[in-house]
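Structural features, examined
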Amino acid sequence: MKVYRFPHGGLELEDPTVPPADKSTIAFLPTLALIPLTQHPGAEAVPLVDIGASVQEGMLIGRGHGTGSANIHASIPGKVLKTLSWKLADGRTTQGILVRLEGAFDKLGKKKDNYHWQGLSSFDLLRIFSEKGLVEMEAPGRPLVEIIRDATNQSKTVSLVVRLIFDDPWLVADYVLIQDRLDEILIGASITAKASSANHIIFAVSDQELELAERITQRAAELGIQIKTIITGSRYPQRNSRELKTVLQHYQKNESLDLGAFCICGPATLAAVYDAVVQNKAILERYVAVGGGSIKHPQVLRVRIGTRIGDLISQCGGFLVQPKKIATGSPLKGMVVHDLDEPVTKTTIAIVALTEEQIGGETIHDCTNCGECRAVCPVGLDPEYLYKLALLERDSEALVHKANTCHGCGCCEVVCPSRLPLSSTIRVSIKRGTR
Amino acid sequence: MSVIHVARKPLIHINDSTSQRMWLVSFIAMLVIIQSALTDHYASLIVALVALFSAVFMELAINGARGTFTLRDGSAVTTALILALLMPNGVNPVIVVLGTIFAIGIVKHAYGGLGTNWLNPALGGWLFVNASWPKHFEKALDGSVLHQVYQAVARGVIDPSGSPLAILKIAGHKVSSQDSLLTSLLNHSLFSPINAELPSGYFDFFFLSGPAMIADRGIIMLLIGTIIITALRINKPLIPAVYIFVYLLLVRVFGAIPFGGTLGNGDMLFGLLNGGTLLTAFILATDPGSGTKSYQAGLITAALAALSGFLFRYFGGTPFGSLYGILLTNTLIPAIRSLEISLLYTNRRTL
């Protein structure tokens, strides 16, 4: 079996502090849910409920508007206590609606809806995606409709690519989700393929999960869903769009196929598609991996959107040792959490409480020209040189040296013995240079 | 230079920090110094301490002038201890002070500090004092094994087999009783069954007690240090491997000629165990600060350093030719780096 890999750089990552990948646990329902109106890269959703109003489970409480914005729904039934405002890790300010749990659930514990989606047109499906606020269930949380539109605008031939590439151990929540909901993910892929008029459904599975690849192929055949499976390497950042597209292009060439434009989705997004279309359910919960060296009992939890991060940590037994930093998302691409009252959003794949040892020290030293950043850069850039140009504000020169091809995977920064913020600074330089 | 405030995205680091690496190299250098100090009434230790205090003083003075504090990164201490390894054990401490001040004050900080210098600071300091006060060096190394060989060759002493050990014997150098005992043991048990014989004199290189460069006097600890450095991936292991391979190949093929021998009879052990060869291969050739950007260019540069080091030592008549070899390649580094940026990174073929 051919394994498709990107040619240069990257990292083999391991972390013994990730939760076990064998089961998920349902998190306690939050008595108070803080539902942010910004869970996507675009403008904040417009609030549709007033303070004191009663909301039902799955009710639309914020309407997305403009590019990159998506609808927001209440994850629990209850009463709106107040709206709060806080600063997100990326610097934007958002409002959130604080809902106190009250009344009966409309979805939880009730018989599940089972709508026949086969008769729906692509247009109808896209409308449902938009209404239910479907986004790619990882940062930055782009609306699914826009991802599909981008692909269909690029080419008449579209391939839906489901990335099941576990190049980062902190994708464990996705892994558990696949174990729990494979059928729903396969049907979700079929629905998304119809919505995007995709000619192919390709499951890209990393080479360490060959058994999973076999299971997917077998189950898809049983469900009558035509898929192709491609085995990729598992070196980080194989899952990144650029590296994934690189291997897909190799695959296309080897198999003499015309794959056209790629519409790339993760398993959590496809499960959300299934819930939205078949069960008439917005995104109310998601799988979140809670772990890190500071957490007593790391677990993969099924969490209602808006649940406090602090509550999830309590459910995992609290802290074993005082964490140095807590982040949402993988330690490689996540954002630091400054307050344990911050809520879980649609894009929270993990909550990581890092010990000082895991962080590996943050004292910045002078660059010694060791070249480790160059050795791991998957794009083949010279991060050290671009970093030094950025500090000298020679941003246009950095662009001449292909700084804009940096996609911010962070490999250079992870290996830098001088702890220099290489990729973060290069990104700033690109922004300044292209202004 | 501007200050950019960024929200760091990768929150973890998986490699040892720069300061950990520096302190590890310093620790290994200290081991070598201690081995040397055990046989010279602590003269090597005095050289090292003088270098250390001078380096710390100089670093703090420059830090004070610049309003920074870089002592914690360990680079000043590492530079001082590597410079001490390059010094003869009996050198005048004033020479050590001057060498260290030049290494830290000029070579390291004139270009902006750690990582910005194209020349290894310790090597720059060594070159400065060696070129400025050659007689002090000569005096400190007078009677050393290497000097005895080179002086004998200069007097016209040759050996038909091209063995520097044979020349040493002709020059009147006495092999220690421990060496004779260990050599005869090995010859008896290991070499005689295969009709080979190890000449006496090699074991003395592991326990040099006469005047010599400190790195040569602590060769056992240096060998242990190279294993630690390689095992902990502090350096790029292929660079010393290429250096040693090219160097020993040249020694084997051409190394007997200067001593009166013929092609293919060079003494590789002699070439390896003195003249700072191991220090050059594992510490100086792998110094990232004065190295190339890419591993590939690093290997080519290591081969070039080995070639020039061999030529300087065997045909240029300087016992520490390997150090001049590194000096030569260091001068090429700015040009090599600029070529690498253009060929390997900016204009790299992408998919």
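Overview of the structure. Computed from a predicted structure; not experimentally measured.

Scanning chain A from terminus to terminus reveals 13 helices and 18 strands. The C-alpha atoms of chain A give 22 Å as radius of gyration, which agrees with the globular expectation for 435 residues (22 Å, within 12%). With the C-alpha coordinates of chain A rotated into their principal frame, the extents come out at 60 × 55 × 45 Å. Residue burial in chain A is summarised as follows: out of 435 residues, 59% are buried. In chain A, of all internal contacts separated by at least 6 residues, the share reaching a separation of at least 24 is 73%. When the accessible surface of chain A is totalled, it reaches about 17,500 Å², and 50% of it is carbon and sulfur. One finds the centroid of the 48 positive side-chain charges in chain A at a distance of 4 Å from the centroid of its 48 negative side-chain charges.

Residue and element names in this part refer to chain B. Look at helix α9 (residues 177–191): 20 Å from first C-alpha to last across 15 residues, which is about the 21 Å you get at 1.5 Å a residue. For α9, the full list of buried residues reads Asp 179, Thr 183 and Asn 187. Down the axis of α9, the buried side of the element spans an arc of 65°, and every buried residue falls inside it. Seen from the open side of α9, the exposed residues pointing more than 90 degrees away from its buried face are Ser 177, Gln 178, Leu 181, Leu 185, His 188 and Ser 189. Those residues of α9 that are buried lie in contact with α10 (202–206).

Moving on: the pairing of strand β18 (residues 350–354) of chain A. Residue and element names in this part refer to chain A. A large share of β18 lies buried, amounting to five of its five residues. Side chains of β18 alternate between two faces, with Ala 350, Val 352 and Leu 354 and Ile 351 and Ala 353 buried alike. Across four bridges, strand β16 (residues 325–328) lies against β18 in antiparallel orientation. In the strand pairing of β18, Ile 326 is matched with Ala 353.

All right, on to the packing of helix α10 (residues 383–391) of chain A against helix α13 (residues 422–434) of chain A then. When two helices pack together, their arrangement is given by the angle between the helix axes and the distance between those axes. Residue and element names in this part refer to chain A. Contact pair α10 / α13: the axes reach a minimum separation of 9 Å and the direction vectors enclose 55°. It follows that α10 is oblique to α13 by the angle criterion. Once α10 is placed against α13, the crossing between them reads as left-handed. Each of Pro 383, Glu 384, Leu 386, Tyr 387, Ala 390 and Leu 391 in α10 lies in contact with α13, whose residues at this interface are Leu 422, Thr 425, Ile 426, Ser 429 and Arg 432. Partitioned by chemical class, the residues of the contact of α10 with α13 number seven nonpolar, two polar and two charged.

The next subject is the sheet that holds strand β12 (residues 228–232) of chain A. All names here are of chain A. Pairing is parallel in the open sheet, where five strands are placed in the order β1-β12-β11-β10-β13. Both outer strands of the open sheet, β1 (3–4) and β13 (261–265), are each paired with one neighbouring strand and no more. Direction of pairing for β1 relative to β12: parallel, over a ladder of two bridges. Among the inter-strand pairings, Val 3 is bridged to a residue of β12, identified as Ile 231. Across the sheet, helix α4 (residues 210–223) touches β10 (158–164), β11 (200–206) and β12, and the angle it forms with β11 is around 155°.

This part takes up the packing of helix α1 (residues 122–131) of chain A against helix α6 (residues 267–277) of chain A. Residues and elements named next belong to chain A. Between α1 and α6, the shortest axis-to-axis distance is 10 Å and the interhelical angle comes to 105°. Relative to α6, the element α1 is oriented roughly perpendicular. Here Leu 125, Ile 128 and Phe 129 of α1 lie close against α6, whose contacting residues are Val 273, Ala 276 and Val 277. Tallied by class, the residues present in the contact of α1 with α6 amount to six nonpolar, no polar and no charged.

Moving on: the nonpolar core. Ranked by size, the top nonpolar core spans 87 residues in total, and within it Leu86(B), Trp126(B) and Tyr243(B) carry the most contacts. Per element, the largest residue contribution to this core is nine residues, and it comes from helix α3 (residues 75–86) of chain B. Setting aside residues no more than four positions away along its own chain, Leu86(B) makes contact with Ala122(B), Leu123(B), Trp126(B), Met213(B), Leu279(B), Leu284(B) and Leu323(B). Counting residues in each nonpolar core, the second largest holds 68 residues, with Ile128(A), Val145(A), Ala151(A) and Ala220(A) among its members.

In a beta sheet, neighbouring strands pair by backbone hydrogen bonds and run either parallel or antiparallel. Residues and elements named next belong to chain A. Strand order in the open sheet formed by six strands is β2-β15-β14-β18-β16-β17, with mixed pairing between adjacent strands. Pairing within the sheet leaves two strands with one partner each, and these edge strands are β2 (24–26) and β17 (335–336). Bridging between strand β14 (residues 285–291) and β18 involves three bridges; their strand directions are parallel. By the bridge assignment for β18, Ala 289 is matched with Ala 350. Contacting β2, β14 and β15 (299–304), helix α3 (residues 172–195) runs over the sheet at an angle of about 130° to β14.

Bringing a nonpolar patch on the surface into the picture now. Residues and elements named next belong to chain B. A surface patch of nonpolar side chains, amounting to about 950 Å² of accessible area, comprises Phe 245, Leu 249, Val 253, Phe 254, Ile 257, Leu 263, Leu 304, Leu 307, Leu 311, Phe 315 and Leu 332. When contributions to the nonpolar patch are tallied by element, the ones reaching two or more residues are α13 (238–254) and α16 (295–315). Among the secondary structure elements, Val 253 is positioned in helix α13.

So, on to the interface of chain B and chain A. Taken together, the contacts link 38 residues of chain B with 57 residues of chain A. With both chains or domains summed, chain B and chain A bury close to 4,200 Å², and 56% of this area falls on carbon and sulfur atoms. Taking the shortest distance from any N to any O, the salt bridge between Asp382(A) and Lys293(B) comes out at 2.7 Å. Where chain B packs against chain A, one counts 19 residue pairs in polar contact (both at pLDDT 80 or more). Those elements that place two or more of their residues in the side of chain B that touches chain A are α1 (18–37) and α17 (321–346) of chain B. If one sorts the elements of the side of chain B that touches chain A by residue count, α17(B) sits on top with five residues. Along the lines of polarity and charge, the residues of the side of chain B that touches chain A split into 15 nonpolar, 14 polar and nine charged.

A separate point is the environment of Ala37(B). All names here are of chain B. By the element assignment, Ala 37 lies in helix α1. On the basis of relative accessibility, which here comes to 3%, the residue Ala 37 falls in the buried class. Considering only alpha carbons, one finds Ala 37 and Ile 214, 177 residues apart in sequence, at a separation of 8.7 Å. Every residue in contact with Ala 37, bar those within four places of it in the chain, is listed here: Tyr 42, Ser 44 and Leu 45.

In this section: the pattern of salt bridges. All names here are of chain A. A full pass over the atoms with the stated rule returns 29 salt bridges over all chains. Residues Glu 138 and Arg 239 are paired through a salt bridge, measuring 2.7 Å at the closest nitrogen-oxygen approach. Of this pair, Glu 138 sits in the loop between α1 and α2 (144–154) while Arg 239 is found in the loop between β12 and α5 (241–254), placing the two residues 101 residues apart along the sequence. Residue class for Arg 239 comes out buried when judged on its relative accessible area of 8%. For the salt bridge of Glu 362 with Lys 325, the shortest nitrogen-to-oxygen distance reads 2.5 Å. One end of the pair, Glu 362, is in the loop between α8 (356–359) and α9 (372–376); the other, Lys 325, is in strand β16, and 37 residues separate them in sequence. Note on Glu 362: relative accessible area 29%, which makes it partly exposed. Shared partners join several salt bridges into a network, and the residues in it are Glu 136, Glu 138, Arg 163, Asp 174 and Arg 239.

Cut-offs applied
Residues numbered from 1 in each chain as written. Chains lettered and ligands numbered in written order. Predicted model: local features only at pLDDT ≥ 70, side-chain atom pairs only at ≥ 80, totals over all residues. Heavy atoms only, no water. Helix = DSSP H or I, 4+ residues; strand = E, 2+ residues; numbered from the N terminus. Rg over C-alpha atoms; globule rule 2.2 N^0.38 Å. Buried < 20%, exposed > 50% of the residue type's maximum accessible area, 1.4 Å probe, protein only. Contact = heavy atoms within 4.5 Å. Areas by Shrake-Rupley, 256 points an atom, 1.4 Å probe, with all protein chains shown as cover. Lys, Arg positive; Asp, Glu negative; His and termini not counted. Charge placed at Lys NZ, Arg CZ, Asp CG, Glu CD. Expected span 1.5 Å × (residues − 1). Arc of directions from axis to C-beta. Pairing = 2+ DSSP bridges. Axes fitted to C-alpha atoms, helices over the stretch in contact; angles between N-to-C directions. Parallel < 35°, antiparallel > 145°, perpendicular 65-115°, else oblique. Left-handed = near helix turned anticlockwise from the far one by under 90°. Nonpolar A, V, L, I, M, F, W, Y, C, P; charged D, E, K, R; others polar. Core = buried A, V, L, I, M, F, W, Y, C linked by side-chain atoms within 4.5 Å. Patch = residues over 30% accessible without salt bridge, like charges linked within 9 Å, V, L, I, M, F, W, Y side chains within 5 Å. Salt bridge = Lys/Arg side-chain N within 4 Å of Asp/Glu carboxyl O. Buried area = accessible area lost by both parts, 1.4 Å probe. Polar contact = N/O pair within 3.5 Å; in protein donor to acceptor, adjacent residues only side chain to side chain.

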